[in-house]
There are 2 protein chains.
Amino acid sequence: MNYSLDIERTAAKKQKPAADRLGFGKYYTDHMFIMDYDEEQGWHRPRIIPYQPISLDPAAKVFHYGQTVFEGLKAYRTADQRLLLFRPQKNFRRLNQSSARLSIPSIDEELALHALKQLILIDQDWIPSKKGTSLYIRPFIIATEPSLGASSSTHYQFMIILSPVGSYYAEGIHPVKIHVETEYVRAVKGGTGMAKTAGNYAGSLRAQDDAAVNGFAQVLWLDGVHRKYIEEVGSMNVFFKINGKVLTPALNGSILDGVVRNSILELLQHWNIPVEERMISIDELHEAYDNGMLEEAFGTGTAAVISPIGELHSLGRRLVIHGGTTGELSAKLYDTLTGIQLGELQDELGWMVQVS
Amino acid sequence: MNYSLDIERTAAKKQKPAADRLGFGKYYTDHMFIMDYDEEQGWHRPRIIPYQPISLDPAAKVFHYGQTVFEGLKAYRTADQRLLLFRPQKNFRRLNQSSARLSIPSIDEELALHALKQLILIDQDWIPSKKGTSLYIRPFIIATEPSLGASSSTHYQFMIILSPVGSYYAEGIHPVKIHVETEYVRAVKGGTGMAKTAGNYAGSLRAQDDAAVNGFAQVLWLDGVHRKYIEEVGSMNVFFKINGKVLTPALNGSILDGVVRNSILELLQHWNIPVEERMISIDELHEAYDNGMLEEAFGTGTAAVISPIGELHSLGRRLVIHGGTTGELSAKLYDTLTGIQLGELQDELGWMVQVS
């Protein structure tokens with residue numbers, strides 16, 4: 001398919017930050033992609049423009065009713081200077097799935113991927129090459145109609161912005177302390193938990209702030225119905241290795257279908273390591289721990305890839321997992337995934353998409 | 001307390017829309033209130049400026065993580081030209097309660113009320129006088145920090161915008177058809193249902209759009225745990241009159257503490273009409289209907305005040321309530337509340353606040 005994008009290049013390129021000061025989501029590149037929607041024309045006017053502020057009426061629905069979806073993925077610069085994306089089709093697929101839940105009109109996924117590649121090529125100087133760094137990509141849609149009626153918007157904007165990011169682990173992968181949340185709930189079946197939409201994150205900030213005050217990196221979310229089945233950790237999916245078998249909560253309508261989660265499931269099957277997607281109660285976790293069978297625990301997501309859980313503070317108990325160090329499987333998954341993403345390992349499962 | 005607001009008046013006043021074309025939340029007045037927050041200065045620079053677009057970085061957290069709260073209330077012009085607000089302190093109180101759930105710093109409620117009064121006085125020509133019309137007031141806070149980290153924002157803006165609105169009932173109060181929602185859930189205990197925040201509304205749009213396609217005005221929300229206890233109707237609280245007694249769902253952590261809901265509870269007590277706040281299952285409603293005891297049903301909220309439910313389509317059944325017409329108590333509550341709001345009835349419960 002042949003898509004024509006209007007491209008307006010910036011007159012004044014910004015200074016790029018030093019590779020060791022990138023952090024996460026603090027700097028943005030010189031350009032952005034934007035496309036408009038109205039009911040008459042559908043999605044129209046796809047264009048790349050200089051990175052710039054958005055001007056919206058104070059009554060724009062996104063400010064009041066949160067009708068918005070987003071995605072997160074990364075581009076990598078390999079040692080031989082190729083630019084690679086990790087399974088980008090899955091992100092645009094999921095964006096449309098999120099939009100369906102939020103009553104937002106779907107986008108043309110091929111157009112989105114084409115536009116992303118164009119944008120990356122234009123801003124390719126921004127992709128850092130230092131080990132562990134990458135270009136974080138944030139596609140998102142917001143409802144822009146200036147109307148206070150609590151109904152779906154008639155107007156939207158789809159944008160893609162790019163942010164060079166540092167290594168999630170400045171000093172190598174290391175385990176974190178997690179608090180099992182019992183007061184707040186992230187999502188419930190029938191709600192928006194399976195969609196990547198603002199409200200899920202808004203609702204999680206209070207618990208996260210409270211956990212941080214008490215020295216925890218994140219919270220482990222339990223389900224909203226029984227308040228005992230494990231759902232996610234922070235804004236990541238979660239895995240446990242118990243007695244040689246890998247477990248992760250089944251997608252039940254309130255859990256995000258993570259791209260890294262899915263990739264790990266594929267890798268484990270590829271490696272013939274037993275893996276189960278099913279309900280996992282916090283009691284089962286305690287029992288496995290008491291029997292010495294809770295071998296590893298880790299969160300998975302685009303930012304960290306693998307985030308080992310070293311300590312789980314759960315219902316008055318303190319579970320120290322793998323002696324508070326990174327487990328062998330966690331390390332192997334991290335090395336394999338980042339190796340494939342950086343083009344250092346062979347892409348046997350056909351995940352990487354080259355931008356050229 | 002003496003608050004000093006900077007006031008910048010518009011150079012070009014807009015043309016006001018005709019009173020019979022107002023609708024809801026479509027037109028905005030000449031000015032708006034705005035105040036900034038950062039971690040160093042706290043809330044600062046309260047000011048009234050010409051109504052204008054907001055310019056935000058595309059990475060502003062409100063677009064991605066939905067950290068935002070809002071309120072809705074109305075100002076009325078009485079026959080003798082007084083300007084009245086309905087219980088505005090309750091709205092600013094609730095705004096802070098919502099903010100606590102969303103990890104947003106609290107505002108000075110007295111300053112907010114003072115600013116609102118000043119803003120209304122400046123734009124008082126916008127308050128329509130035709131019967132049923134009013135000035136809808138939308139205070140809201142958005143997270144503005146341009147950062148993609150999924151954490152609480154360091155910067156916020158608090159704004160108040162004003163919108164002249166028409167009568168919710170162009171041809172007098174009339175009952176609506178409601179669908180009992182069984183697939184989607186609005187909120188769950190531990191989530192954000194008790195807060196007035198964007199995500200709750202975002203999550204409800206899909207169900208509302210589906211209901212509209214099938215000819216329903218709104219959906220009746222059931223709880224997310226047992227999927228059988230009644231919570232809200234559309235974006236309103238809900239009441240039932242069963243065998244002479246008035247029932248409304250108790251505030252359980254997932255239901256909004258509505259100002260109109262609270263006012264109706266006070267009125268009913270004032271009138272010595274028996275009223276109960278408790279869990280109400282959809283089965284109880286069916287049973288009452290079958291026994292001929294389901295006498296009235298209505299939603300309550302700032303926009304409609306009272307919205308009678310004429311038909312409830314519930315789990316394959318069609319319940320016709322009060323013959324599909326407005327019940328006597330519904331009508332009496334509507335007439336009393338709007339009479340007090342418009343200064344036509346004596347304000348025995350001390351609800352109205354005059355702007356002067």
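The model shown is predicted, which means the values in this text are computed figures rather than measured ones.

Chemist: What is the right way to look at the pattern of salt bridges in this model?
Modeler: Opposite charge on two side chains makes pairing possible when the charged atoms of those side chains draw close. Residue and element names in this part refer to chain A. Scanning the entire structure with this criterion turns up 30 salt bridges over all chains. Put simply, glutamate 109 and arginine 93 hold a salt bridge, and the shortest N to O gap is 3.0 Å. Of this pair, glutamate 109 sits in helix H3 (residues 109–122) while arginine 93 sits in helix H2 (residues 88–102); the two residues are 16 residues apart in sequence, bridging distant segments of the chain. Residue glutamate 109 is classed as partly exposed on the basis of its relative accessible area of 24%. Using a relative accessible area of 40% as the deciding quantity, one classes arginine 93 as partly exposed. Beyond isolated ion pairs, a larger network of salt bridges with shared partners links Lys245, Glu276, Arg278 and Glu284.

Chemist: How do you make sense of the interface of chain A and chain B when you look at a structure like this?
Modeler: One frequently used descriptor of interface size is the decrease in accessible area upon assembly of the parts. In this assembly, 57 residues from chain A lie in contact with 57 residues from chain B. Together, the buried faces of chain A and chain B total about 4700 Å²; carbon and sulfur atoms form 59% of this surface. It is A:Pro58, A:Phe63 and A:Leu148 in chain A that bury the most area against chain B; as a group they hold 14% of the surface buried on that side. At the boundary of chain A with chain B, the tally comes to 0 salt bridges. Seen at the junction of chain A and chain B, the total is 30 residue pairs in polar contact (both at pLDDT 80 or more). For the side of chain A that touches chain B, the elements supplying multiple residues, two or more each, are strand E4 (54–56), helix H1 (61–65), strand E5 (68–70), H2, strand E8 (134–143), helix H4 (198–202) and helix H5 (205–213) of chain A. Taken together, the 3 bridges between E4(A) and strand E4 (residues 54–56) of chain B define a ladder with antiparallel strand orientation. Paired with A:Ser55 across the strands is B:Ser55, a residue of E4(B).

Chemist: I would appreciate a short explanation of the packing of helix H2 (residues 88–101) of chain B against helix H3 (residues 109–122) of chain B in the present structure.
Modeler: For any two helices packed against each other, one specifies the inter-axial angle together with the distance between the axes. All names here are of chain B. Between H2 and H3, the shortest axis-to-axis distance is 10 Å and the interhelical angle comes to 130 degrees. With respect to H3, the axis of H2 lies oblique. Taken as a pair, H2 and H3 cross one another with a handedness that is right-handed. Residues Pro88, Gln89, Phe92, Arg93 and Asn96 of H2 form the contact with H3, whose own contacting residues are Glu109, Ala112, Leu113 and Leu116. Split into classes, the residues belonging to the contact of H2 with H3 amount to 5 nonpolar, 2 polar and 2 charged.

Chemist: Looking at this model, I keep getting lost on the relation of the copies chain A and chain B. Mind explaining?
Modeler: Mapping chain A onto chain B is achieved by rotating through 180 degrees and translating by 0.0 Å along the same axis, at an RMSD of 0.0 Å. Such a combination of rotation and displacement between the chain copies is what one expects of a two-fold axis. When the interface residues of chain A are mapped onto chain B, 100% of them are again interface residues, pointing to one common binding face.

Criteria and thresholds
All chains use their own residue numbering, which begins from 1 and follows the written sequence. Here chains are named by letter from A upward and ligands by number from 1 upward, in the order in which they appear as written. For this predicted model, a pLDDT threshold of at least 70 governs which residues receive local features, and a threshold of 80 or more governs which side-chain atom pairs are given and counted, while totals over whole chains, interfaces and linings are taken from all residues. Here the side-chain values reflect all heavy atoms present in the structure, with hydrogen atoms and water set aside. Salt-bridge detection follows one rule: a side-chain nitrogen of Lys or Arg within 4 Å of a carboxyl oxygen of Asp or Glu. Secondary structure elements follow DSSP: runs of H or I of four or more residues count as helices, runs of E of two or more count as strands, with numbering from the N terminus. With a 1.4 Å probe rolled over the protein chains alone, any residue whose accessible area is under 20% of its type maximum counts as buried; one over 50% counts as exposed, and the rest are partly exposed. The criterion used for residue contact is that any of the two residues' heavy atoms lie within 4.5 Å. Summed over both partners, the accessible surface that disappears when two parts come together, traced with a 1.4 Å probe, is what is meant by buried area. We call two N or O atoms a polar contact when they sit within 3.5 Å, provided that within protein one can donate a hydrogen and the other can accept it, with sequence-adjacent residues counted only if both atoms are side-chain atoms. Any two strands with at least two DSSP-identified bridges between them are counted as paired. Helix axes use the C-alpha atoms of the stretch in contact, all axes being lines fitted to C-alpha atoms, and the angles between their N-to-C directions lie in the range 0 to 180 degrees. Relative orientations are named as follows: roughly parallel for angles under 35 degrees, roughly antiparallel for angles over 145 degrees, roughly perpendicular for angles from 65 to 115 degrees, and oblique for any other angle. Left-handed describes a crossing in which the near helix is turned anticlockwise from the far one by less than a right angle; the clockwise case is right-handed. Polar here means any residue other than Ala, Val, Leu, Ile, Met, Phe, Trp, Tyr, Cys and Pro, which are nonpolar, and Asp, Glu, Lys and Arg, which are charged; Gly is therefore polar. The copies were overlaid with a least-squares fit restricted to C-alpha atoms from residues scoring a pLDDT of at least 70 in each copy.

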